[in-house]
Amino acid sequence: MTRAERVSRNLNRALHALFAADERAWLLGEDVADPYGGAFKVTQGLSTAYPDRVLSTPLSENGITGVAGGLALCGDTVIVEIMFGDFAGLAFDPILNLITKSVAMYGERTPMRVVIRCPVGGGRGYGATHSQSPQKHFIGIPHLALYELSPLHDAADVLAAALRRDEPAMLFEDKVLYTRRRYVDGRVDDRLAFELRGADGNWARVHDPDATGAPTLVIAPGGVADRAIAAATRAAERGRPVEVLVPARLYPVDVDGLRDLLDGAHGVIVAEESTAGGTWGSEVAARLHAEAWPLLRGPVELVSSADRVIPSAPHLEQAVLLGTDAILDRIMRLPGAVPVPRTDSSPAGPPPPAPTTAAQAGVPVDVPRLNPNDDSYVLLEWLVADGATVEAGEPVAAVETSKAIEELAATQAGVLRQDVAAGADCAPGTPIGRILPGPAVPASVDTPGAPAAAYPEAVEAVGTRTATPGRPLPPAQRRIADVVSTSHREIPVAFTAVRVDVTAALAYARSAADETGATVGLTEVVIAAVAALHERFGGLYARLTGDGLVVDAEAPSIGLTVDVGTGLFLPVIRDAAGLDLGDLADAVVALRMKALRGRLREEDMAGMNFLVALNDTPGVTVARPIIPPGVTCALSVPDVHREVVLDGDGGVRERTVADLGLAYDHRLVNGAQAGAYLAALGEILQG
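Residues numbered from 1 in each chain as written. Predicted model: local features only at pLDDT ≥ 70, side-chain atom pairs only at ≥ 80, totals over all residues. Heavy atoms only, no water.

A few points about unusual backbone geometry
The peptide bond linking Asp 34 to Pro 35 adopts the cis configuration, its omega dihedral lying at 5 degrees. Position of Pro 35 relative to the elements: it lies in the loop between strand 1 (25-29) and helix 2 (46-49). The omega torsion across Tyr 251 and Pro 252 is -5 degrees, close enough to zero to call that bond cis. Positive phi is not limited to glycine here, since His 143 has a value of about 70 degrees. In this structure, His 143 sits in the loop between strand 4 (114-120) and strand 5 (145-148). (Helix = DSSP H or I, 4+ residues; strand = E, 2+ residues; numbered from the N terminus.)

Structure (structure tokens):
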């Protein structure tokens with residue numbers, strides 16, 4: 001498969017091609033000139049190549065669009081960049097009353113070749129005034145077309161289609177897409193294919209060529225497309241075929257491009273990130289109802305973000321914005337969405353509960369509905385042993401939803417009996433255990449579904465336990481405590497730190513970010529350097545087995561610390577040496593987002609053979625990391641700071657430094673090896 005460029009680079013290339021072909025093209029916007037190249041680096045290189053036609057403007061969206069209207073009236077082509085789509089409201093008057101009306105209000109048709117680019121959407125933690133999706137506010141304005149960039153459409157084709165109309169257009173660009181790679185060669189992944197359909201290739205159809213049965217159609221633009229594709233994949237695992245339709249032009253709605261797909265479809269869902277009410281989705285539904293009613297099997301369903309102001313905190317932002325889970329929930333709630341038996345070897349869920357006898361009677365420990373978007377949770381662990389006595393209100397189990405880890409408490413005092421093993425899926429409303437009256441009795445080996453457990457030699461009677469003041473550690477924090485305790489107990493740790501000039505590394509990170517469009521910083525450069533050193537210092541990536549054997553690592557798989565506020569996670573970038581810096585940065589972002597959204601799984605945290613511990617809280621200069629069991633070395637990356645030094649000529653210069661620290665298992669690595677490793681790392685970072 002062709003290696004695809006990033007969406008931001010694709011758009012940048014399209015703009016360069018436009019300016020090369022059209023000598024009357026202008027670009028206006030705030031901070032669009034080099035070296036800044038726009039807030040999201042989309043306009044990089046344009047002002048250098050076309051300095052007289054690419055202009056950074058004052059901070060006035062109203063003024064920028066007014067000037068654009070004047071240039072268009074003179075016959076020029078104008079691209080306007082609104083730094084954040086939220087500020088398009090400041091340009092609403094010239095869009096509504098000048099640019100669009102000028103097409104027809106002078107007695108003859110006047111070409112108005114204006115495209116107003118608007119970065120939109122959340123998912124970046126920018127808060128209430130920099131994260132909105134205001135597309136719906138511009139629907140229905142005569143002579144104004146609305147487009148949205150997606151990873152399935154080439155930006156050059158979208159711009160050409162918008163300008164070919166000789167009428168003004170707005171191009172919305174979801175910010176989460178800028179660093180993503182496009183889908184090319186007609187493939188989304190190994191299972192899903194895509195094709196462009198309709199006039200100008202307006203509709204991208206994502207589907208499974210091997211799927212059978214009537215599909216549910218999910219119509220999703222721009223940055224929502226990836227979320228809809230993820231929901232479609234999960235729905236397919238539950239027996240519901242789904243096709244995702246992604247338009248390049250939002251308005252006017254192109255119904256003709258959908259007609260043959262609607263015939264026989266199980267249902268239609270329109271997903272968008274804006275809040276409900278007067279939306280693009282309702283416009284799609286109205287048009288489908290009016291023009292394709294005979295083809296529809298039921299009402300068009302709409303799903304959107306919560307009717308709330310968008311917060312900055314990641315977990316709160318996630319709760320407000322439309323996500324994969326909400327789309328999946330709407331898919332599965334369509335009539336007839338009954339999961340079919342799975343054909344793979346993985347379990348489809350917990351086994352049905354065994355018939356309850358009088359001897360097994362008790363108060364059930366039920367799994368409540370903790371998240372309205374989930375139809376299944378994972379029983380992470382039992383917090384109390386099978387057969388132990390519990391008090392009313394005492395946490396007995398931890399379950400993981402798509403968003404968080406929740407503890408389930410006993411509703412009464414008694415003896416806990418576990419009916420479902422840890423690690424099983426459990427649906428809301430189903431019992432996973434029981435609380436029996438009386439003293440604890442070990443479970444019979446014949447008890448269906450009862451996991452094996454060790455029982456205490458003596459069991460206290462119910463109500464005789466003395467309450468201990470305090471509260472239990474949350475499950476995630478307990479896992480951290482287990483790792484730390486094991487590390488201190490079993491690993492003889494030594495520690496060495498060196499001061500490294502990272503001025504060149506930071507400059508390299510900035511240039512790499514500009515070149516690749518990825519989010520590259522010192523962390524990514526350090527991880528790349530650590531991966532590169534595996535070939536020279538293989539012993540620092542080895543592990544010591546329980547019987548004293550040293551096992552070398554075939555490839556560097558680098559773990560990194562991710563603190564999400566509710567716990568510390570150690571996800572792993574496998575075969576890190578095989579990734580270029582842009583792909584490595586993408587992997588870091590993906591793992592961090594999975595951690596923030598509570599979606600890390602065991603496979604994301606397995607296979608580590610070196611740890612990069614991020615201790616970059618402002619002001620932290622040196623930190624000694626913990627070495628997780630099974631790992632030989634952990635490198636701490638603290639906050640950078642500036643210092644003044646003498647250069648070789650006796651002059652004074654300023655540099656940016658970081659005190660990198662290496663904690664190492666002294667059984668496998670000695671001080672000389674650690675020092676040599678840090679020296680080699682410093683050489684790489686110093687260029």
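Structure's up, so let's keep going.
Some thoughts on helix 14 (residues 581-596)
Between its first and last C-alpha atoms helix 14 spans 23 Å; for 16 residues at 1.5 Å apiece the expected length is 22 Å, and the two agree. Buried residues of helix 14: Leu 581, Gly 582, Asp 583, Leu 584, Ala 585, Val 588, Leu 591 and Ala 595, and no others. On its buried face, helix 14 is in contact with helix 12 (503-516), helix 13 (522-532), strand 25 (558-560), strand 26 (562-563) and strand 28 (572-573). The backbone nitrogen of Gly 582 lies 3.2 Å from a side-chain oxygen of the residue at the head of helix 14, namely Asp 580. (Expected span 1.5 Å × (residues − 1). Buried < 20%, exposed > 50% of the residue type's maximum accessible area, 1.4 Å probe, protein only. Contact = heavy atoms within 4.5 Å. Polar contact = N/O pair within 3.5 Å; in protein donor to acceptor, adjacent residues only side chain to side chain.)

Thoughts on a nonpolar patch on the surface
Together, Leu 73, Met 105 and Tyr 106 make up a nonpolar patch on the protein surface, roughly 290 Å² of accessible area in all. In this structure Tyr 106 comes out as partly exposed when scored by relative accessible area, which is 47%. (Patch = residues over 30% accessible without salt bridge, like charges linked within 9 Å, V, L, I, M, F, W, Y side chains within 5 Å. Areas by Shrake-Rupley, 256 points an atom, 1.4 Å probe, with all protein chains shown as cover. Salt bridge = Lys/Arg side-chain N within 4 Å of Asp/Glu carboxyl O.)

Observations concerning the environment of Asn 670
Of note, Asn 670 is situated in the loop between strand 32 (652-665) and helix 15 (671-685). For the pair formed by Asn 670 and Ala 494, sequence separation is 176 residues and the distance between their alpha carbons is 8.4 Å. A distance of 3.1 Å separates a polar atom in the side chain of Asn 670 from the backbone nitrogen of Ala 672. A polar contact is formed between the side chain of Asn 670 and the backbone nitrogen of Gln 673, at a distance of 2.8 Å.

Concerning the environment of Asp 501
Along the chain, Asp 501 falls in strand 22 (residues 493-501). Sequence spacing of Asp 501 and Arg 655 is 154 residues, and the spatial spacing of their C-alpha atoms is 6.7 Å. What Asp 501 contacts, discounting residues up to four positions off in sequence, is Arg 653, Arg 655, Thr 656, Val 657, Leu 685 and Gln 686. A polar contact of 2.7 Å, which involves the side chain of Asp 501, links it to the side chain of Thr 503.

Quick look at the packing of aromatic side chains
Evaluated as defined, the whole model comprises 10 aromatic pairs. Through successive ring pairs, a cluster of aromatic residues spans Phe 40, Phe 84, Phe 87, Tyr 126 and Tyr 178. Over the ring of Tyr 36 we find Lys 41; its NZ or CZ atom is 4.1 Å from the centre of that ring. (Phe/Tyr/Trp six-rings, centres within 6.5 Å; stacked < 30°, edge-to-face > 60°. Lys NZ or Arg CZ within 6 Å of the ring centre and 35° of its normal.)

As for the packing of helix 6 (residues 224-237) against helix 10 (residues 324-332)
Viewed as axis vectors pointing N to C, helix 6 and helix 10 meet at an angle of 50 degrees, and their least axial separation amounts to 8 Å. Considering the angle they form, helix 6 stands oblique to helix 10. Seen along the crossing, helix 6 lies across helix 10 with a hand that is right-handed. Contacts between helix 6 and helix 10 pair Val 224, Arg 227, Ala 228, Ala 230, Ala 231, Arg 234 and Ala 235 from the former with Thr 324, Asp 325, Ile 327, Leu 328, Ile 331 and Met 332 from the latter. In the contact of helix 6 with helix 10, the residues fall into 9 nonpolar, 1 polar and 3 charged. (Axes fitted to C-alpha atoms, helices over the stretch in contact; angles between N-to-C directions. Parallel < 35°, antiparallel > 145°, perpendicular 65-115°, else oblique. Left-handed = near helix turned anticlockwise from the far one by under 90°. Nonpolar A, V, L, I, M, F, W, Y, C, P; charged D, E, K, R; others polar.)

Here we look at the nonpolar core
Core analysis: the biggest nonpolar cluster contains 53 residues, and Val 530, Tyr 541, Phe 610, Leu 635, Leu 662, Tyr 677 and Leu 685 have the highest contact counts within it. Top element by residues in this core is helix 13. It accounts for 7 residues. Setting aside anything within four residues of it in sequence, one finds Phe 610 in contact with Val 530, Leu 540, Tyr 541, Ser 557, Ile 558, Gly 559, Val 631, Cys 633, Leu 635, Leu 662 and Tyr 677. Listed in part, the 46 residues of the second largest apolar core include Leu 71, Met 170, Val 268 and Leu 288. (Core = buried A, V, L, I, M, F, W, Y, C linked by side-chain atoms within 4.5 Å.)

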